[in-house]
Amino acid sequence: MRFRIALVVFWAAVLLPAADPTQEYLTRAARSITDRAAGEVVSVQNWERLRSRRLEEMRDMLGLLPWPARTPLNVRITGTLDKGSYTVEKLAFESLPKVYVTANLYVPKQRKGRVPAIVYVCGHSYLPQGAKVQYQRHGISLAKNGYVAIILDPIQIAEVWGAHHGISAQNMYDWYSRGYTPAGIEVWNAMRAIDYLESRPEVDGDRIGMTGRSGGAAMSWFTAAVDPRVKAVMPVMGISTYAANVAENTQRLHCDCMFVINHWRQDMIHQGALIAPRPLLYGQGSKDNLFPVAGYKEFEDKVGGLYKSYGKPENFRLLEVPTAHSDSDFLREESIRFFDRFLSHNPDRTLDMSYTNAPATELAVYGDNAPADARNYLLPEFFVPRPEIARPALLETLRKNVFNGVVKAGVTVTQSGTADGLPELSITGPDGVPIRALVRRVSKAEKPLPGLVYIASDGDDARSIQELIREVAMKNSAVVLAVFPRGTGVWSHTTWKAMLRNAMHVGETVDSMRLRDVLAAAEALRTQPNVDAGRITVMGKGVAGALGLYAALLDERLHQVILMDPPETHAQGPVFLNILRYTDLPQAASMLAPRKLVYYVRKPAAWPAGFVTMSLAGPLEGRYNHGFASGM
């Protein structure tokens, strides 16, 4: 495991450009988000005015707004192990219909009345019988010291398979478009586990705590942030700030389950503040490169200050250890002492921390008989709710919930050279990232001409673009500006993915930033000589064309859109946070009316009606028929 992590770090360090202007922008944006969060939690009075709104946003970013239906758990116990002072029940439940959660329940035999219960959420520790086997020492220790403990398998490291690494490893970029993060279902699974614990006669439902390491740390404090039934929480190796994470590019080391879909631009400081003033102890390693020291120290300062403002400074503490990203016997014992203080109210007793692990196969719930009807692997397709939105309100909903970071603002344009005889421009939009463009001007025109923004794709260059617009150039039908949105033809796929994951942390994607570049290019074209600003067309191939469509939807001044082989669905791109929660490409295209939608060469079957042409000059000249000579 350590060797594999070392390789990931090595290759990430080699392949990511350190001074890329987009990464610098993302670093600034993350710093701004963290600073805003710090200002919001500066006092209990300030925070309480915002708390309910931030809680709703947090649930939304997990895919838990509204809450899923609390359907029957259908608990099945497949066996009980007698371990002397405690028992282990091998159980499964359905957090949603046919979504199976496997777990082990540790129950102490010596009890006086109802006892506190702890939900232990596992990190990424791989074993065919589930991660619960690797973390069983925590369940043993808790049970030996008087707690009921349920250890939950995360969906990817369980006996019924689901995915955690859709973006990071499996190129399932539609997760972002769907607004899906595995953190959402993991939080829901933990909440349903609490539902189950409340039904057990051994458990005091008013004294439930939660803990876990790494991925389990994230699920612990996400759950505590949205579910007040968690009365005390101890995340281990799982807290920082987005300012620190993006600056250090820590996404390269993280599973997708570690983060919400951050379209509301919250910081981890917000998540800590949603727990306050309930007891929060978090353990961090000073040598852990997944969570920078600067990040968890800033979290300590800002969230600790909020606890002081609540008058509960004793409820908050950072426990820093001189290790990397690892668990330890020390942290295991400290977690029980933390729960002793705040749940059992017996902080000074002697603990029994001895344990003997059971064989992995002994703890398996299903063995080789996992349910054949499980829907765990389909969760990205159905977990996040899709509200019904009337068409008149759809565009405004998209502006608010999808494109709230895509702003129209002034641009600066400078000429930076030539490429294959075309003037080369540098266009700088509102985020300060310079974008390359080529322009073909018409120096002698009797009247202002239409403008064409061609959105370049990977592989495009000056020569290929001039071939594409040859008819337009021969007839001087339009002034053409070819824009290369950030990273086009420059970034490797590895770099593109790193930019995408960092962008999600600040509420954007690569394509939302590229959409901003297209809008800036249209603004730049309006400044060029002999351009009719009221007749500007946007055009692109594949995903680039879809960017042009959304540019026209957001900027009503754009005259029409020409699409070349557009994707049939956002599952193929472009990637915008949450877009598939509200619409898909063909439905979005229908909102362009009454402006013209033109298909170059062919129209995909699912897309709305429009004019199909093999001439670029015709639609630019206002010809939506084929009754004219090409002149070529």
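Look a little higher up for the structure.
Here's what I pulled together on the structure shown here. (Residues numbered from 1 in each chain as written. Predicted model: local features only at pLDDT ≥ 70, side-chain atom pairs only at ≥ 80, totals over all residues. Heavy atoms only, no water.)

**Looking at the packing of helix H18 (residues 493-505) against helix H19 (residues 510-526)**
Put simply, the rule reads: Orientation is described by lines fitted to C-alpha atoms, with helices fitted over the stretch in contact, and by angles between N-to-C directions that extend from 0 to 180 degrees. By definition, any uninterrupted DSSP run of H or I lasting at least four residues is a helix, any uninterrupted run of E lasting at least two residues is a strand, and each is numbered from the N terminus. The cut-offs work like this: below 35 degrees is roughly parallel, past 145 is roughly antiparallel, 65 to 115 is roughly perpendicular, and the gaps in between are oblique. In what follows, residue pairs with any heavy atoms lying within 4.5 Å of each other are defined as contacts. Each residue is assigned to one class: nonpolar for Ala, Val, Leu, Ile, Met, Phe, Trp, Tyr, Cys and Pro, charged for Asp, Glu, Lys and Arg, and polar for all the others, Gly among them.
Close contact between H18 and H19 brings their axes to 8 Å; oriented N to C, the two are set at 90°. As summarised for this structure, H18 and H19 are arranged roughly perpendicular, according to the angle between their axes. Where H18 approaches H19, its residues Trp496, Met499, Leu500 and Ala503 are matched on the opposing element by Val510, Met513 and Arg514. Here the contact of H18 with H19 is built from residues that sort into six nonpolar, no polar and one charged.

**Here's the deal with the pattern of salt bridges**
To keep things clear, this is the line we draw: Each salt bridge in this description consists of a side-chain nitrogen of Lys or Arg and a carboxyl oxygen of Asp or Glu lying within 4 Å of one another. Exposure is judged per residue with a 1.4 Å probe applied to protein chains only, and the accessible area is read against the type maximum: over 50% gives exposed, under 20% gives buried, and values in between give partly exposed.
A complete count under the given rule lists 45 salt bridges for this structure. The partner of glutamate 40 in a salt bridge is arginine 36, with the nearest N and O atoms 3.6 Å apart. Of the two residues, glutamate 40 and arginine 36 both sit in helix H2 (residues 21-40), four residues apart, roughly one turn of that helix. Since its relative accessible area comes to 8%, glutamate 40 is described here as buried. Among the salt bridges present, the one from aspartate 195 reaches arginine 229, with a minimum N-O distance of 2.6 Å. On the criterion of sequence distance, the pair formed by aspartate 195 in helix H7 (residues 182-199) and arginine 229 in the loop between helix H8 (215-226) and strand S7 (230-236) is long-range, its members being 34 residues apart. On the accessibility criterion, arginine 229 (16% relative accessible area) is buried. A single salt-bridge network, built from bridges that share partners, covers Arg70, Arg192, Asp195, Glu198, Asp227 and Arg229.

**Details of empty space enclosed by the protein**
Going by this rule: Only protein atoms enter the calculation, which uses a 1 Å grid: trapped sets of points that fit a 1.4 Å probe without letting it out are cavities, open sets showing protein on both sides within 12 Å along at least five of seven lines are pockets, and any residue with an atom within 4 Å of a point is a lining residue. Grid points are joined across faces, edges and corners, and a volume is the space filled by probe spheres set on the points.
What the rule picks out here adds up to eight cavities of 30 Å³ or more. Volume-wise, the largest cavity comes out at about 70 Å³. If you list the elements that add at least two residues to the lining of the largest cavity, you get helix H6 (174-178) and H18. Residue contributions to the lining of the largest cavity peak at three residues, all from H18. Its residues placed into classes, the lining of the largest cavity shows nine nonpolar, two polar and two charged.

**Section: the pairing of strand S17 (residues 596-600)**
So the rule is basically this: Note on pairing: two strands pair once DSSP finds at least 2 bridges between them. Orient the strands so they point away from the viewer; a crossover is then right-handed if the path from the first strand over the helix to the second runs clockwise.
Where burial is concerned, most of S17 is hidden: four out of the five residues are buried. Across four bridges, the pairing between strand S16 (residues 560-564) and S17 is parallel. Residue valine 561 lies in a different strand from S17, and its bridge partner there is leucine 597. Regarding the hand of the β-α-β motif, the stretch spanning S16, helix H21 (residues 585-590) and S17 is right-handed. Pairing between S17 and strand S18 (residues 611-613): three bridges, direction parallel. Bridged to tyrosine 600 within S18 is threonine 613.

**Points about the sheet that holds S16**
Read from one edge to the other, the open sheet built from nine strands follows the order S10-S11-S12-S14-S13-S15-S16-S17-S18, with strand pairing classed as mixed. A strand with exactly one partner marks an edge of an open sheet, and here the two such strands are strand S10 (412-419) and S18. For this sheet the average axis-to-axis angle between neighbouring strands, irrespective of direction, equals 25°. Strand direction decides the pairing type here: strand S11 (residues 422-428) and strand S12 (residues 434-440), joined by five bridges, are antiparallel. Across the sheet, residue leucine 425 finds its bridge partner in S12, namely alanine 437. The sheet strands contacting helix H20 (residues 543-554) are strand S13 (449-455), strand S15 (531-541) and S16, and the helix crosses S15 at an angle near 145°.

**Some details on the sheet that holds strand S4 (residues 115-121)**
With mixed pairing, nine strands are arranged side by side in an open sheet as S1-S2-S3-S5-S4-S6-S7-S8-S9. What marks the edges here is a single partner per strand, and that holds for strand S1 (76-82) and strand S9 (316-321). The mean inter-strand angle of the sheet, taken between neighbouring strand axes irrespective of direction, is 20°. With six bridges joining them, S4 and strand S6 (residues 203-213) adopt parallel strand pairing.

**A look at the packing of H7 against H8**
The test is simple: Note on convention: the crossing is left-handed when the near helix lies turned anticlockwise from the far helix by less than a right angle, right-handed when the turn is clockwise.
Where H7 meets H8, the closest approach of the two axes is 9 Å, and the angle between their N-to-C directions is 70°. One finds that H7 runs roughly perpendicular with respect to H8. In this structure, H7 meets H8 at a crossing whose hand is right-handed. Along the contact surface, H7 presents Ala183, Glu186, Val187, Ala190 and Met191, while H8 presents Met219, Phe222, Thr223 and Val226.

**Quick look at the packing of aromatic side chains**
For any pair of aromatic rings, the description rests on two quantities: the centre-to-centre distance and the angle between the ring planes. Our working rule: Here a pair means two rings of Phe, Tyr or Trp (six-membered ring of Trp) with centres within 6.5 Å. Their orientation is stacked below 30 degrees between planes, edge-to-face above 60, and tilted elsewhere. Two limits define a charge over a ring: the Lys NZ or Arg CZ must be within 6 Å of the ring centre, and within 35 degrees of the ring normal.
Inspection of the entire model under this criterion finds 21 aromatic pairs. Taking 5.3 Å as the distance between ring centres and 50° as the angle between the ring planes, the aromatic pair formed by phenylalanine 403 and tyrosine 550 counts as tilted. Taken together, the positions of phenylalanine 403 in the loop between helix H15 (391-401) and S10 and tyrosine 550 in helix H20 put the pair 147 residues apart, joining distant regions of the chain. By the ring-pair criterion, three or more aromatic residues cluster together here, those being Trp221, Phe222, Tyr282, Phe299, Tyr307 and Phe316. In this structure, arginine 59 packs its charged tip against the face of tryptophan 67, placed 3.8 Å from the ring centre. The ring centre of phenylalanine 484 lies 4.5 Å from the NZ or CZ of arginine 436, which sits over that ring.

**Section: the layout of surface pockets**
In this approach a probe as big as a water molecule rolls over the atoms, and the regions it shows empty are the leftover space. What the second largest pocket holds in volume is close to 380 Å³. Lining the second largest pocket are 23 residues, and of these Asp458, Trp496, Asp511, Arg514 and Val543 sit closest to its centre. The set of elements that each furnish at least two residues to the lining of the second largest pocket consists of H18, H19 and H20. If you tally residues by element for the lining of the second largest pocket, the top one is H20, at three residues.

**Description of helix H12 (residues 329-344)**
Every buried residue of H12 is listed here: Leu331, Arg332, Glu334, Ser335, Ile336, Phe338, Phe339, Asp340, Phe342 and Leu343. Its buried side turned inward, H12 meets S4, helix H5 (136-144), S6, S7, strand S8 (280-285) and S9. Following H12 by one or two positions, histidine 345 has its phi on the positive side, about 55°.

By themselves, these figures tell us nothing about what the structure is for.
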